[in-house]
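These are the residues of each chain, in order.
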Amino acid sequence: MEHTWRWFGPDDPVTLSEIRQAGATGIVTALHGHAPTVPWSIEEITERKALLEAAGLSWSVVESVPVPEAIKQALDIPARDRAIEVFCSTLENLAACGIDTVCYNFMPILDWTRTELEWPTETGGRALRFDQTSFAAFELFILERPGAQALYSEAEIEAARRCFEGMDELARQRLVTTLIAGLPGSDQHYTLAQFLEHLKAYEAIDEDRLRDNYQYFLQKVVPVAERVGMRLAVHPDDPPRPLLGLPRIVSTAADARWVIDQVQSPANGLTFCTGSWGVRKDNDLVAMAREFGPHIHFVHLRATRRDLEDPQSFIEADHLEGDVDMVGVIRELIGEERRRAGEGGARLPMRPDHGHKLCDDNARQTNPGYPLIGRLKGLAELRGVECAVRRLC
Ligand code: DNO
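Residues numbered from 1 in each chain as written. Predicted model: local features only at pLDDT ≥ 70, side-chain atom pairs only at ≥ 80, totals over all residues. Heavy atoms only, no water.

1. Comments concerning the overall build of the protein chain
Next, step 1: Along the protein chain, the regular secondary structure elements total 14 helices and twelve strands.
Next, step 2: Radius of gyration (C-alpha) of the protein chain: 20 Å, near the 21 Å computed for a compact globule of 393 residues.
Next, step 3: Seen through its C-alpha atoms, the protein chain measures out along the principal axes to roughly 60 × 55 × 40 Å.
Next, step 4: Counting over 393 residues, the protein chain shows a buried share of 57%.
Next, step 5: Counting only contacts in the protein chain whose residues sit at least 6 apart along the sequence, the fraction spanning at least 24 positions is 73%.
Next, step 6: If you sum the accessible surface of the protein chain, you get close to 16400 Å²; carbon and sulfur atoms cover 52% of it. (Helix = DSSP H or I, 4+ residues; strand = E, 2+ residues; numbered from the N terminus. Rg over C-alpha atoms; globule rule 2.2 N^0.38 Å. Buried < 20%, exposed > 50% of the residue type's maximum accessible area, 1.4 Å probe, protein only. Contact = heavy atoms within 4.5 Å. Areas by Shrake-Rupley, 256 points an atom, 1.4 Å probe, with all protein chains shown as cover.)

See the structure below:
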């Protein structure tokens, strides 16, 4: 696999030189903060690419080209169609610059979601965590989302109330910021009032309707991607289930099958994110890596561990110590890579996804989930597994 590393651009406290030292050869990045209504220009893309190449790295994958709400909601048809045109122009310009893989997601309003960014691990590091009770406390007692009570049992509401009452003002504020002020990569920041407004827009959009909107998007975008030699890789929902009454439609193996079936094309593929898919016990990741192998254009390797008492809560574990059978997944991916090599085919970029804050990571303000040393450790462990599997299988 090609070893890549997510970099958030010139403002990322982790430098390109450090990334090379960590052992990555490819960069995963985007023009973060770019105006969503304007295509990325050839000049802007060329400039960013040159910066990476001057550091001895290549621009391996774009993560992400954002899919605007106008496309996901499709409530204003001309605005939706304009947004799709912008998305397609960005794909064309990226392809013209020699970039061939783009990750995106189709999660309504919120990208990935966590309730804790500094959860102490047993060995003294800091991890990201999703705690279902804290999340319910936010939804029920801070956001006070109309209709939310119906989604919870009495016992869950009671636990959420106790959790809410146990938090001081600062802790409540921190939870809000963590949930809706934007984790890295999402480029979206909301106040509570704006957030409720956005949620309202989804009152008329159930799962079927969101699927229709996604299908329309794929039917328009995939042919353009195929024509310019671009591989699209949808990122799964994180966590992989509906939140806040919003539909989520890329959470299971059946969903992945659905995506692939909408438009049969080598351009229509997946980001195989073990961390996101792996939160669900009913996702058998080894079987999924085997089944979807030819459609996997990009790989995120990360492990989560579900809580024993509440499997809806999870911690981001060490890369090899979560619920996922990481060795089994890597074995499947290497099998896929060998199959591709036999066909003279496509590269398979992977990145160590997220990492604990370890040692000197605490001395700098890196993006949540994206410190240097924690990811360096993750990459080293994953490369070790890869190397052993290659030798032995
Ligand atoms: C989190 C990431 C996500 C991902 C997007 C892809 O660390 O995996 O933000 O980049 O969902 O569009």
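The structure having been displayed, the exposition proceeds.
2. Observations regarding the packing of helix H9 (residues 207-228) against helix H10 (residues 253-262)
Next, step 1: Following both chains from N to C, one finds H9 and H10 inclined at 40°, their axes separated by 9 Å at the closest point. Here H10 runs oblique to H9, going by the angle between their axes. Taken as a pair, H9 and H10 cross one another with a handedness that is right-handed. In contact with Arg211, Tyr214, Gln215 and Leu218 of H9, H10 contributes Asp255, Trp258, Val259 and Gln262.
Next, step 2: Taken together, the residues that form the contact of H9 with H10 break down as four nonpolar, two polar and two charged. (Axes fitted to C-alpha atoms, helices over the stretch in contact; angles between N-to-C directions. Parallel < 35°, antiparallel > 145°, perpendicular 65-115°, else oblique. Left-handed = near helix turned anticlockwise from the far one by under 90°. Nonpolar A, V, L, I, M, F, W, Y, C, P; charged D, E, K, R; others polar.)

3. Some words on empty space enclosed by the protein
Next, step 1: Tallied over the full model, the rule gives four cavities of 30 Å³ or more.
Next, step 2: What the largest cavity holds in volume is close to 150 Å³.
Next, step 3: The residue makeup of the lining of the largest cavity, split by class, is six nonpolar, seven polar and seven charged.
Next, step 4: Of the voids in this model, the second largest cavity is the one considered here, and its volume is about 110 Å³.
Next, step 5: Forming the walls of the second largest cavity are 15 residues, and the residues nearest its centre are Ala317, His319, His354, Gly355 and His356.
Next, step 6: Looking at the lining of the second largest cavity, its residues break down into three nonpolar, six polar and six charged. (1 Å grid on protein atoms, 1.4 Å probe; cavity = no way out; pocket = protein on both sides within 12 Å on 5 of 7 lines; lining within 4 Å. Points joined across faces, edges and corners; volume = space filled by probe spheres on them.)

4. Remarks on the sheet that holds strand S6 (residues 126-130)
Next, step 1: Judged by pairing direction, the sheet is antiparallel, and its four strands sit side by side in the order S5-S6-S11-S10 without closing on themselves. The open sheet terminates on both sides in strands that have one partner only, identified here as strand S5 (116-120) and strand S10 (304-306). Adjacent strand axes in the sheet meet at a mean angle of 35°, parallel and antiparallel pairs treated alike.
Next, step 2: In this structure, S5 lies alongside S6, joined through three bridges in antiparallel fashion. Residue pairing across strands places Pro120 opposite Arg126, the latter belonging to S6. (Pairing = 2+ DSSP bridges.)

5. Some points on the nonpolar core
Next, step 1: Core analysis: the largest hydrophobic core is formed by 109 residues, its most contacted members being Phe138, Phe195, Tyr214, Phe217 and Leu244.
Next, step 2: Sorting elements by how many residues they give to this core places H9 first, with eight residues.
Next, step 3: When near neighbours in sequence (up to four residues on either side) are disregarded, Phe217 contacts Val67, Ile71, Ile84, Phe87, Tyr104 and Phe106.
Next, step 4: Within the second largest apolar cluster, five residues are counted, among which are Val28, Val61, Ala233 and Phe298. (Core = buried A, V, L, I, M, F, W, Y, C linked by side-chain atoms within 4.5 Å.)

6. Brief notes about H10
Next, step 1: The buried fraction of H10 is high, at seven of ten residues.
Next, step 2: Inspection of H10 places Ala253, Asp255, Ala256, Trp258, Val259, Ile260 and Gln262 among the buried residues, and these make up the whole buried set.
Next, step 3: Contacts from the buried residues of H10 go to H9, strand S7 (231-235), strand S8 (268-273), helix H11 (274-277) and helix H12 (285-292).

7. Quick notes on the pattern of salt bridges
Next, step 1: For the structure shown, the criterion picks out 35 salt bridges.
Next, step 2: Across the salt bridge formed by Arg339 and Glu343, the nearest N and O atoms sit 2.9 Å from each other.
Next, step 3: Between Asp353 and Arg351 there is a salt bridge; the shortest N-O distance is 2.7 Å.
Next, step 4: You can call Asp353 buried: its relative accessible area is 2%.
Next, step 5: Residue classification places Arg351 among the buried residues on the basis of a relative accessible area of 0%.
Next, step 6: Connected via shared salt-bridge partners are Arg6, Glu63, Arg114, Asp238, Arg302, Glu316, Arg351 and Asp353. (Salt bridge = Lys/Arg side-chain N within 4 Å of Asp/Glu carboxyl O.)

8. Observations regarding the site of the ligand
Next, step 1: Within the structure, the ligand sits among 15 residues, and Glu63, Ser64, Asp111, His354 and Tyr370 are positioned closest to it.
Next, step 2: Note that an oxygen atom of the ligand is positioned 2.9 Å from one of the side-chain N or O atoms of Asn105.
Next, step 3: Between the ligand and Asp111, the relevant distance is 2.8 Å, taken from an oxygen atom to a side-chain nitrogen or oxygen of the residue.
Next, step 4: Across the complex, the protein chains shield 100% of the 330 Å² of accessible surface that the ligand would expose by itself. (Near = heavy atom within 4 Å. Polar contact = N/O pair within 3.5 Å; in protein donor to acceptor, adjacent residues only side chain to side chain.)

9. Focus: the sheet that holds strand S1 (residues 2-6)
Next, step 1: Reading around the barrel, the eight strands line up as S1-S2-S3-S4-S7-S8-S9-S12 and close back on themselves, with parallel pairing between neighbours. Strand-to-strand twist across the sheet, computed as the mean angle between neighbouring axes with direction ignored, equals 30°.
Next, step 2: By the bridge criterion, two bridges tie strand S3 (residues 58-63) to strand S4 (residues 101-105) in an arrangement that is parallel. In the sheet register, Glu63 faces S4, and the bridge partner there is Cys103.

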